[in-house]
Amino acid sequence: MRIAVGGIHTECSTYSPVLMQKQDFRILRDKGLMEHDYFAFLGRSGASFAPLLHARAVPGGPVSRPAYDALKAEFLERLSAALPVDGVYLAMHGAMKVDGLWDAEGDWITAVRRLIGPAIPIAVSYDLHGNVSQEIVDQIDIFAAYRTAPHIDVTETMEAALAMLIRALTSGARPGIVRVPVPLLLPGERSSTEDEPARSLYAALPGLEGKGVWRTDLMIGYVWADEPRTTASAIVTGTDRAAVSSAAESIAAGFWAAREGFRFGPVTGPLDAMLDLASAAATRPVILADSGDNPTGGGVGDRADVLGALIARGWQDALMAGITDRPAVEACFAAGTGAQLTLKIGASLDPAGVSVTAEVEVLRLDAGDSPADRQAVVLTGGITLVLAARRRPYHDIADFTRLGLDPGATGLLVVKSGYLSPDLAPIANPNLMALTDGVVNQDIPRLANLHRAPGTIPWDGNPGFRPRAEPSARFRG
């Protein structure tokens, strides 16, 4: 069998004014796709592949229409050249917003279906924070999504989607999909699978599989997308439509019944209150998450709110990583290591953000692979600050060690994050999350809500909700 592989993967806050461009994506093509660690599992499957194009970007604002159109056109051109194929596997995220489109993944996947025709099965893998429309479900045959948040099962999920596709091709079975939308939206920080009730809800999913049910998934959805398709949902794949529908409705009902139980996992509160706790802590490192500006959730990453608060308090022994500010980074490179200069820090991408002006000493410079990858480590008072030319997170220990920094050796570590990454969580002593401002802030009821479906909690009540299975058009057919 020969399977075409590719896709597009990012997450976009519709509240961000910063459009993503083509250069913001890491693009894998052909042999480069097959040899990348992200797709290493393909070599274990025993199938033959036609690697096309896979574009992935750090979450952010909407993708510009020209960037999306260019990536989509290249993908379809490569797919057309690769035909005939026996199946298509698309590695997606599910929460991409494209300027001028309401359902970007629906547009992408529908274009693939039109090109390959009705007979060839399509399998997709998603982030559990994706928004799955009925248009998407109607075009595909197989679906798998992450079951962990933080996401530690990415490879397993991708392997599961591919394995079902190979199962369908080798057995001749033709699975279908059922979707049950649930009018409830939660931020990821209140639905981590390390905490209840999400832990039990996700742990129960495999028990619903078997007897015609191939795969069960619960989609939390992406709350910072003000789009008609934005919703939580249960998505189930299988060959027995009645069993698949029953499983999907059961998952949706369980999620709905647990809706009042979702809470933040770490100690959470306003920035000043969290800094009060941090200053009183006798343990270290205290890790403070700047949640409203988290780039892995779609935040801009350029706000200096927390930095300003630390400077105002005269904070000592703090490490903050990082703030996106290319002009500030370039100024540090121009000045050189050891230089002292006055920097305006923050609000370099979003003028509505917060900046501070501070006297800094340049401690270290990292040239990266290009000017866009440069980083600078500076010291202002007792605060060590990492500045980045490109929007990016600092969630892995390697992000710090590359810069000669030890995140475990500081009194206070500040990262732009929601729930902590698997690398940082074990060293947090304790973990605090500040409810800061930004385009992915946690004050969900106050977000502008112009386009989501009526009856979606927390903006509207929905006392009459009952789970109702919606089989895909291909399953019905």
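Here the structure is a predicted model, which means the values were calculated and not measured.

**Student:** Whenever I open this one, the overall build of the protein chain confuses me. Can you help?
**Tutor:** When its secondary structure is counted, the protein chain shows twelve helices and 19 strands. Computed over the C-alpha atoms, the radius of gyration of the protein chain is 23 Å, within 12% of the 23 Å expected from 2.2 N^0.38 for a compact globule of 477 residues. For the protein chain, the spread of C-alpha atoms along the principal axes amounts to about 70 × 50 × 40 Å. Expressed as a percentage of its 477 residues, the buried residues of the protein chain come to 59%. Partitioning the intrachain contacts of the protein chain with sequence separation of at least 6 by distance along the chain shows that 75% fall at a separation of at least 24. For the protein chain, the accessible area works out to roughly 17600 Å², and carbon and sulfur atoms hold 51% of it. Side chains of the protein chain give 43 positive and 54 negative charges; the mean places of these two sets differ by 5 Å.

**Student:** Is there a simple way to think about the pattern of salt bridges in this case?
**Tutor:** Any two side chains of opposite charge can pair, given that their charged atoms come close. Throughout the structure, instances matching the rule amount to 29 salt bridges. Glutamate 159 serves as the salt-bridge partner of arginine 44, at 3.0 Å between the closest nitrogen and oxygen. Taken together, the residues span a long stretch of sequence, with arginine 44 in the loop between α1 (30-35) and β3 (48-56) and glutamate 159 in helix α5 (residues 154-171) at a distance of 115 residues. When its relative accessible area of 28% is taken as the criterion, glutamate 159 is described as partly exposed. One salt bridge in this structure joins arginine 402 and aspartate 366, with 2.6 Å as the shortest N-O distance. Of this pair, arginine 402 sits in the loop between α11 (397-401) and β17 (412-415) while aspartate 366 sits in strand β14 (residues 356-366), and the two are 36 residues apart along the sequence. Aspartate 366 gets classed as buried once you look at its relative accessible area, which sits at 10%.

**Student:** Looking at this model, I keep getting lost on the nonpolar core. Mind explaining?
**Tutor:** A general feature of soluble globular proteins is that nonpolar side chains tend to end up buried together. Membership of the largest hydrophobic core comes to 55 residues, with the highest contact counts inside it found for Ile3, Phe39, Tyr89 and Phe255. When near neighbours in sequence (up to four residues on either side) are disregarded, isoleucine 3 contacts Ala47, Ser48, Phe49, Ala50, Gly87, Val88, Tyr89, Leu162, Leu165, Ile166 and Leu169. Ranked by size, the runner-up nonpolar core spans 42 residues in total, among them Ala67, Phe75, Val85 and Ile109.

**Student:** Help me understand the sheet that holds strand β10 (residues 267-269), please; the structure alone is not making it clear to me.
**Tutor:** Strand-to-strand pairing in sheets goes through backbone hydrogen bonds, with the strands running parallel or antiparallel. Taken together, the nine strands give an open sheet; going across it, the order is β10-β18-β11-β17-β12-β16-β15-β14-β13, and neighbouring strands pair in mixed fashion. Each edge of the open sheet carries a strand with a single partner, namely β10 and β13 (340-345). On average, each strand axis in the sheet is inclined to that of its neighbour by 30 degrees, with strand direction left out of account. Along the sheet face, helix α8 (residues 271-280) touches β10, β11 (286-290), β17 and β18 (431-434) and points at about 160 degrees away from the line of β18. On top of the sheet, helix α10 (residues 326-335) reaches β12 (316-324), β13, β14, β15 (375-380) and β16 (382-388); it is set at about 170 degrees to β13, its chief contact.

**Student:** Is there a simple way to think about the sheet that holds strand β7 (residues 176-182) in this case?
**Tutor:** Strand order in the open sheet made by the four strands is β8-β9-β7-β19, with antiparallel pairing throughout. Taken across any chain shown, the strands that pair with only one partner, and hence form the sheet edges, are β8 (213-219) and β19 (470-471). As judged from the seven bridges shared by β7 and strand β9 (residues 232-238), these two strands associate in the antiparallel manner. Across the sheet, residue glycine 176 finds its bridge partner in β9, namely glycine 238. The strands touched by α5 within the sheet are β8 and β9, with β8 carrying the most contacts at an inclination of about 145 degrees. The sheet contacts of helix α7 (residues 241-257) involve β7, β8, β9 and β19, and relative to β9 the element is tilted by about 155 degrees.

**Student:** Would you mind going over the pairing of β13 with me for this structure?
**Tutor:** Every other side chain in a regular strand lies on the same face of the sheet, so the side chains alternate between the two faces. Along β13, the buried face is formed by Leu341, Leu343 and Ile345; none of Gln340, Thr342 and Lys344, which line the opposite face, is buried. The pairing of β13 with β14 spans six bridges and is antiparallel. By the bridge assignment for β14, leucine 343 is matched with alanine 358.

**Student:** Explanation requested: unusual backbone geometry in the structure shown.
**Tutor:** Phi is mostly negative for residues that are not glycine, and the peptide bonds are mostly trans. Backbone torsion omega between arginine 284 and proline 285 reads -5 degrees, so that peptide bond is classified as cis. Relative to the elements of secondary structure, proline 285 occurs in the loop between α8 and β11. Across the junction of alanine 321 and glycine 322, the peptide omega takes the value -15 degrees, indicating a cis bond. Residue placement: glycine 322 occurs in strand β12. We note that aspartate 30 has phi near 50 degrees; this positive angle belongs to a residue other than glycine. Its place among the elements puts aspartate 30 in helix α1. Positive phi is not limited to glycine here, since alanine 347 has a value of about 60 degrees. Mapped onto the fold, alanine 347 is located in the loop between β13 and β14. By relative accessible area, which is 14% here, alanine 347 ends up buried.

**Student:** Can you walk me through the pairing of β11 in this structure?
**Tutor:** The buried fraction of β11 amounts to five of the five residues, a majority that puts the element mostly inside the structure. Taking every second residue as pointing to the same face, both faces of β11 are buried, with Val286, Leu288 and Asp290 on one and Ile287 and Ala289 on the other. As paired strands, β11 and β17 are joined by four bridges and run parallel to one another. Counterpart to isoleucine 287 in the pairing with β17 is leucine 413. In this sheet, β18 lies alongside β11 in parallel orientation, the contact comprising four bridges. Bridge pairing in β18 places isoleucine 287 opposite asparagine 431.

**Student:** Please explain the packing of aromatic side chains as it appears in this structure.
**Tutor:** By convention here, two paired aromatic rings are described through the distance between centres and the angle between planes. Scanning the model with the defined rule gives ten aromatic pairs in all. Summarising the aromatic geometry, the rings of phenylalanine 41 and tyrosine 89 are spaced 6.4 Å apart at their centres and angled 80 degrees between planes, so their arrangement reads as edge-to-face. Of this pair, phenylalanine 41 sits in the loop between α1 and β3 while tyrosine 89 sits in strand β4 (residues 87-91), and the two are 48 residues apart along the sequence. Given the relative accessible area of 0%, tyrosine 89 is considered buried.

Cut-offs used in this document
Residues numbered from 1 in each chain as written. Predicted model: local features only at pLDDT ≥ 70, side-chain atom pairs only at ≥ 80, totals over all residues. Heavy atoms only, no water. Helix = DSSP H or I, 4+ residues; strand = E, 2+ residues; numbered from the N terminus. Rg over C-alpha atoms; globule rule 2.2 N^0.38 Å. Buried < 20%, exposed > 50% of the residue type's maximum accessible area, 1.4 Å probe, protein only. Contact = heavy atoms within 4.5 Å. Areas by Shrake-Rupley, 256 points an atom, 1.4 Å probe, with all protein chains shown as cover. Lys, Arg positive; Asp, Glu negative; His and termini not counted. Charge placed at Lys NZ, Arg CZ, Asp CG, Glu CD. Salt bridge = Lys/Arg side-chain N within 4 Å of Asp/Glu carboxyl O. Core = buried A, V, L, I, M, F, W, Y, C linked by side-chain atoms within 4.5 Å. Pairing = 2+ DSSP bridges. Axes fitted to C-alpha atoms, helices over the stretch in contact; angles between N-to-C directions. Phe/Tyr/Trp six-rings, centres within 6.5 Å; stacked < 30°, edge-to-face > 60°.

Distances and angles like these do not, on their own, reveal function.
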